[in-house]
Protein chains: 2
Amino acid sequence: MKVSNAVLKDTFGFTDGILPAACPSRTVLDHVTSKWGVLIIVALSTSEMRWSELREVVQGISEKMLAQTLRTLEQDGFVLRVAQGTIPPRVDYSLTPLGIELSEKLLPLMDWIAVNATGILSRD
Amino acid sequence: MKVSNAVLKDTFGFTDGILPAACPSRTVLDHVTSKWGVLIIVALSTSEMRWSELREVVQGISEKMLAQTLRTLEQDGFVLRVAQGTIPPRVDYSLTPLGIELSEKLLPLMDWIAVNATGILSRD
DNA sequence: CGGTATCCCCCTCGATACTG
DNA sequence: CAGTATCGAGGGGGATACCG
């Protein structure tokens, strides 16, 4: 974990606090760790998906939040939206190369949580 | 990324949706990706810290949220709180072994965000 | 099918004041 | 120093209705 700490200290400027209060990293972190951001990225990491598929796979998400989160992830360059000009409409969402990079950081975390979650919450 | 996907599908039951709506993983994910959770974990990953140090290092956090987030992380078993019985009071916070495991999943993500954040937000 | 638009509740979060 | 208590604003986010 040498590189990690090096980058952490150098880039975050740890002596000035972990992530200066108003810095781009905080904003990106907020986007990624928004209520639905991680789940959508992970969902798309398995395969490209249509709007209706995302709604099913990301259980519990409302149409509003699906749209809102997808827009943010799209603007950040993590997600690619491709509307086929067909009728009825069909729109495919997929991860960009940047999104794939991000998902590679997220998947180990999700794995670990999935494995440990029950044990974690079963304490008092 | 074989293991990752395997565990992802097996544990998350991807065919039933990514993380069933009401499952322990969702709760842990919410705790970890709460507004301040990641920042506190990362801060403590460098060294044990006192309350006042955390307030300085995690810039912008209020006392209320610091207390609240620390309690949650403590209950989840990520953070250890040790109150020295001294006067004036002194309380040390550190990561538990479980918290260290978690931080090892979080640090690569933070690194990546720190490196890429500016580029990400600089697009339209 | 793949979204917007609107309403509005609730819950997070910050600010302030107080305490052992 | 290390918190707790309380209040109140804001916006995240759900429900519903509507649209191309």
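This is a predicted model, so every value here is computed, not measured.

**Q** Requested: an account of the protein's contact with DNA strand D, with residues and values cited.
**A** The environment of DNA strand D is formed by 20 residues, the closest being Lys64(A), Arg50(B), Ser52(B), Arg81(B) and Tyr93(B). Within the backbone of Pro89(B), an N or O atom sits 3.1 Å from a sugar or linking oxygen of DNA strand D. Among the elements that line the surface near DNA strand D, the one with the most residues is helix α5 (residues 63–75) of chain B, at four residues. Considering only residue class, the surface near DNA strand D consists of nine nonpolar, two polar and nine charged.

**Q** Requested: an account of the relation of the copies chain B and chain A, with residues and values cited.
**A** Between the two chain copies there is a screw-like relation: a rotation about an axis and a shift along it. Expressed as a screw operation, the relation of chain B to chain A combines 0.0 Å of axial shift with a rotation of 180°, fitting to an RMSD of 0.0 Å. One copy is carried onto the other by what is essentially a two-fold rotation axis. Residues of chain B ranked by C-alpha distance from the rotation axis are headed by Thr33(B), positioned 2.6 Å from it. When the interface residues of chain B are mapped onto chain A, 98% of them again fall at the interface, so both copies present the same face.

**Q** Which residues make up the protein's contact with DNA strand C, and what values do they have?
**A** DNA strand C sits among 20 residues. The nearest are Arg50(A), Ser52(A), Arg81(A), Tyr93(A) and Lys64(B). Across the atoms of DNA strand C situated within 4 Å of the protein, the share located in sugar and phosphate is 62%. Between DNA strand C and Tyr93(A) there is a distance of 2.7 Å, counted from a phosphate oxygen to a side-chain nitrogen or oxygen. Between Ser62(B) and DNA strand C, the recorded distance is 3.4 Å, taken from a side-chain N or O atom to a phosphate oxygen. Of all the secondary-structure elements, those providing two or more residues to the surface near DNA strand C are α4 (51–57), α5 (63–75) and β3 (90–95) of chain A together with α5 of chain B.

**Q** Provide a residue-level description of the pattern of salt bridges, including the pertinent values.
**A** All names here are of chain A. Going through the model one piece at a time under the given rule, you end up with six salt bridges over all chains. Arg 55 is paired through a salt bridge with Glu 63; the nearest N and O atoms lie 3.2 Å apart. For Arg 55, a relative accessible area of 32% puts it in the partly exposed group. Using a relative accessible area of 46% as the deciding quantity, one classes Glu 63 as partly exposed. Two residues, Glu 74 and Arg 71, come together in a salt bridge whose shortest N-O distance is 3.6 Å. On the criterion of helical spacing, the pair formed by Glu 74 and Arg 71 is a turn pair, its members being three residues apart in helix α5. When its relative accessible area of 31% is taken as the criterion, Arg 71 is described as partly exposed.

**Q** Outline the packing of helix α2 (residues 24–32) of chain A against helix α6 (residues 97–121) of chain B, listing residues and values.
**A** Viewed as axis vectors pointing N to C, α2(A) and α6(B) meet at an angle of 105°, and their least axial separation amounts to 8 Å. In this view, α2(A) runs roughly perpendicular relative to α6(B), as classed from their interaxial angle. Contacts from Pro24(A), Ser25(A), Thr27(A), Val28(A), Leu29(A) and His31(A) of α2(A) reach α6(B) at Met110(B), Ile113(B), Ala114(B), Ala117(B), Thr118(B), Ile120(B) and Leu121(B). A class-by-class count of the residues in the contact of α2(A) with α6(B) yields nine nonpolar, four polar and no charged.

**Q** Tell me about the side chain of Ser25(A), and please be specific about residues and values.
**A** By secondary structure assignment, the location of Ser25(A) is in helix α2. With residues near it in sequence (within four places) discarded, Ser25(A) still touches Leu19(A), Ile113(B), Ala114(B) and Ala117(B).

**Q** Quick one: what's the story with helix α2 (residues 24–32) of chain B, residue by residue and with numbers?
**A** Listing the buried residues of α2(B) in full gives Ser25(B), Arg26(B), Val28(B), Leu29(B) and Val32(B). The buried residues of α2(B) occupy an angular sector of 165° when projected down its axis, which confines them to one face. Tucked into the core, α2(B) has its buried residues touching α3 (37–46) and α6 (97–121) of chain A together with α3 (37–46) and α6 of chain B.

**Q** Can you explain the environment of Leu29(A)? Please cite residues and give values.
**A** Mapped onto the fold, Leu29(A) is located in helix α2. When its relative accessible area of 3% is taken as the criterion, Leu29(A) is described as buried. Setting aside anything within four residues of it in sequence, one finds Leu29(A) in contact with Leu19(A), Val38(B), Leu39(B), Met110(B) and Ile113(B).

How each quantity is defined
Each chain has its residues counted from 1, running along the sequence as written. Chain letters and ligand numbers both follow the written order, the letters beginning at A and the numbers at 1. Reporting in this predicted model follows two pLDDT cut-offs: at least 70 for local features of residues, and 80 or more for side-chain atom pairs to be given and counted; totals over whole chains, interfaces and linings ignore these cut-offs and use all residues. The side-chain quantities take in all heavy atoms of the structure and omit both hydrogens and water. Residue proximity to a molecule or strand is established when one non-hydrogen atom of the residue lies within 4 Å of it. The term polar contact refers here to a pair of N or O atoms within 3.5 Å; inside protein, the definition further demands a hydrogen-donor-capable atom paired with an acceptor-capable atom, and it admits residues adjacent in sequence only when both atoms are side-chain atoms. Only DSSP runs of H or I with at least four residues qualify as helices, and only runs of E with at least two residues qualify as strands; both kinds are numbered from the N terminus onward. Amino acid classes used here: Ala, Val, Leu, Ile, Met, Phe, Trp, Tyr, Cys and Pro are nonpolar; Asp, Glu, Lys and Arg are charged; the rest, including Gly, are polar. Here the copies are superposed with least squares, the fitted atoms being C-alpha atoms of residues at a pLDDT of at least 70 in both. Contact between two residues is taken to exist if any of their heavy atoms lie within 4.5 Å; hydrogens are not considered. In the sections that follow, a salt bridge refers to a side-chain nitrogen of Lys or Arg positioned within 4 Å of a carboxyl oxygen of Asp or Glu. Remark: exposure states derive from per-residue accessible area (1.4 Å probe, protein chains only) relative to the maximum for the residue type, with buried under 20%, exposed over 50%, and partly exposed in between. Each axis is a line fitted through C-alpha atoms, taken for helices only over the stretch in contact, and angles between the N-to-C directions span 0 to 180 degrees. Each angle is binned into one of four classes, with values under 35 degrees roughly parallel, values over 145 roughly antiparallel, values of 65 to 115 roughly perpendicular, and all other values oblique. An arc is given here, and it is the one of the directions from the helix axis to the C-beta atoms.

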